[in-house]
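# Examination of the molecular architecture
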Amino acid sequence: DFFQITIVTQGSGWHEIDFKKHTVTGKKLFFMKPGQVHSWKFNNKTQGFVLEFTTDSLSRSIETSAQRLSINMFADSVAIKGTVIWDDIESVCKIMQREFNQKSKNYEIVLEGLLVGLLANLSRSVERAETAKINSVVQRFQALVNEKYKKEHSVQFYARSLNLTAKALTMKIGRALGKSAIEVIQGRILLEAKRLLSYSDMSVAEAGYVLGFEDANYFTRFFKKQMGLSPTQFRERVQATVIVKKD
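These numbers were taken from a predicted model, which means no experiment stands behind them. Per chain, residue numbering runs from 1 following the sequence as it is written. Totals for whole chains, interfaces and linings use all residues, but because this is a predicted model, local features are given only for residues with pLDDT of at least 70 and pairs of side-chain atoms are given and counted only at 80 or more. Side-chain figures throughout are based on the complete set of non-hydrogen atoms in the structure, without hydrogens or water.

The next subject is the pairing of strand 1 (residues 3-10). Regular strands have side chains that alternate between both faces of the sheet. Residue burial is assigned from relative accessible area. The probe radius is 1.4 Å, only protein chains are included, and a residue is buried under 20% of its type maximum, exposed over 50%, and partly exposed in between. For helices the rule is a DSSP run of H or I covering at least 4 residues; for strands it is a run of E covering at least 2, with both sets numbered from the N terminus onward. Most of strand 1 sits out of view: 7 of its 8 residues are buried. The pairing criterion is simple: DSSP has to find at least two bridges between the two strands. Here strand 1 runs beside strand 6 (residues 47-53); their pairing, made up of 7 bridges, is antiparallel. Within the sheet, the bridge partner assigned to valine 8 lies in strand 6 and is glycine 48. When strand 1 meets strand 4 (residues 28-32), the two strands line up antiparallel, connected through 5 bridges. Among the inter-strand pairings, isoleucine 7 is bridged to a residue of strand 4, identified as leucine 29.

Next comes the structure, spelled out in structure tokens:
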């Protein structure tokens, strides 16, 4: 239920976010949103910073800034190019760390200001590296899918909501994202299905119902078509890879 910015300044390993593994070699920045699942494995020489925050914990002005910067649209792995930008990011993180540790008067206000500055800087990089080709219609479509995917599975619904025909929406999404509108919708449903099957105790039928499938068999067929294995087989495979450590 919170945002997490992981900034690796040196080291190597991997960071898996929502079942996609990212290789880490040297400097790397990851931006995770509420609801995402992740795991990582770095070597013992890895260094960096982890920043965690929620919009609810921020002041109203800061929350508004976060919305204006569209931080929910940031990529999981943010491409940062140029040593100057990296130096700025590391400098801000060091100041934030000092303020947090010392807790001098009004340090919370200082931290909020530094956080917004960091997010604004990241937004510039995201726009250059990740979303320059994505227009406002696509952003609104993606936001609407994130809001409604558990109940609405058809392209027609999202097209009507955006005052477009299904064909026009599909063309816009295809040009911007390289995939069709239905693939975006089904991809979001599949991602949540994988999360529920991996990290909840819901039955397959319960998970399907939460995702808008009243028929468990239909959910199973949808999942198997997308993944090549049934929900039960997927869950068993994930559980087989989990290592539980006890003190």
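Glancing now at the packing of helix 7 (residues 181-199) against helix 9 (residues 216-227). Note on geometry: axes are C-alpha line fits, over the in-contact stretch for helices, and angles between N-to-C directions span 0 to 180 degrees. Across the interface, helix 7 lies against helix 9 with an axial gap of 11 Å and an inter-helix angle of 105°. One way to sum up the angle between helix 7 and helix 9 is to call them roughly perpendicular. For the pair helix 7 and helix 9, contact is made by Gln186, Ile189, Leu190, Ala193, Lys194 and Leu197 and by Phe219, Phe222, Phe223, Gln226 and Met227, respectively. Polarity classes work like this: nonpolar for Ala, Val, Leu, Ile, Met, Phe, Trp, Tyr, Cys and Pro, charged for Asp, Glu, Lys and Arg, and polar for all others, with Gly in that last group. Counted by class, the contact of helix 7 with helix 9 contains 8 nonpolar, 2 polar and 1 charged residues. An angle counts as roughly parallel when it lies under 35 degrees, as roughly antiparallel when it exceeds 145, as roughly perpendicular when it falls between 65 and 115, and as oblique in every other case. Contacts were defined at the residue level, with two residues in contact if any of their heavy atoms lie within 4.5 Å.

As a further point, take the nonpolar core. Residues Phe141, Tyr158, Leu169, Leu211 and Phe219 are the most contacted members of the largest nonpolar core, which totals 31 residues. For this core, the elements supplying multiple residues, two or more each, are helix 4 (136-148), helix 5 (155-161), helix 6 (166-177), helix 7, helix 8 (204-210), helix 9 and helix 10 (231-241). Sorting elements by how many residues they give to this core places helix 7 first, with 8 residues. Phenylalanine 219 has contacts with Ala193, Val204, Ala207, Gly208, Leu211, Phe213 and Pro231, leaving out every residue within four places of it along the chain. Take the buried Ala, Val, Leu, Ile, Met, Phe, Trp, Tyr and Cys residues and link them wherever side-chain atoms come within 4.5 Å; each set so joined is a nonpolar core. By size, the runner-up hydrophobic cluster in this structure holds 26 residues, among which are Val78, Trp86, Leu114 and Leu115.

Positionally, arginine 195 belongs in helix 7. Contact partners of arginine 195, with chain neighbours within four places excluded, come to Asp18, Phe19, Gly35, Gln36, Val37, Arg188 and Ser200.

As defined by bridge partners, strand 2 (residues 12-17) adjoins strand 3 (residues 20-25) across 6 bridges and the pair is classed as antiparallel. Of the residues in strand 3, the one forming a bridge with serine 12 is threonine 25. Hairpin connection, strand 2 to strand 3: the antiparallel pair is bridged by 2 residues, and aspartate 18 has positive phi, about 50°.

One non-glycine residue, aspartate 18, lies in the positive phi region at around 50°. Inspection of the secondary structure assignment puts aspartate 18 in the loop between strand 2 and strand 3. Backbone geometry at asparagine 163 places phi at a positive 60°, although glycine is not the residue there. Tracing the backbone through its elements, the reader meets asparagine 163 in the loop between helix 5 and helix 6. Asparagine 163 sits in the exposed class, given a relative accessible area of 70%.

On to the sheet that holds strand 4, then. Pairing in this open sheet of 4 strands is antiparallel, and the strands run 6-1-4-7 from one edge to the other. At either margin of the open sheet sits one strand with a lone partner, and together these are strand 6 and strand 7 (77-78). As paired strands, strand 4 and strand 7 are joined by 2 bridges and run antiparallel to one another. Bridging across to strand 7, phenylalanine 30 finds its partner in serine 77. Here helix 2 (residues 83-102) sits on the sheet and contacts strand 1, strand 4 and strand 6; the angle it forms with strand 6, its principal contact strand, is near 65°.

Here we take up the environment of leucine 29. As for its position among the elements, leucine 29 is in strand 4. On the accessibility criterion, leucine 29 (0% relative accessible area) is buried. Between the C-alpha atom of leucine 29 and that of isoleucine 5, which follows or precedes it by 24 residues, the distance is 7.2 Å. What leucine 29 contacts, discounting residues up to four positions off in sequence, is Ile5, Thr6, Ile7, Asp76, Ser77, Val78, Ile80, Trp86, Ile89 and Leu122.

Geometric descriptors of this kind do not, in isolation, establish any biological role.
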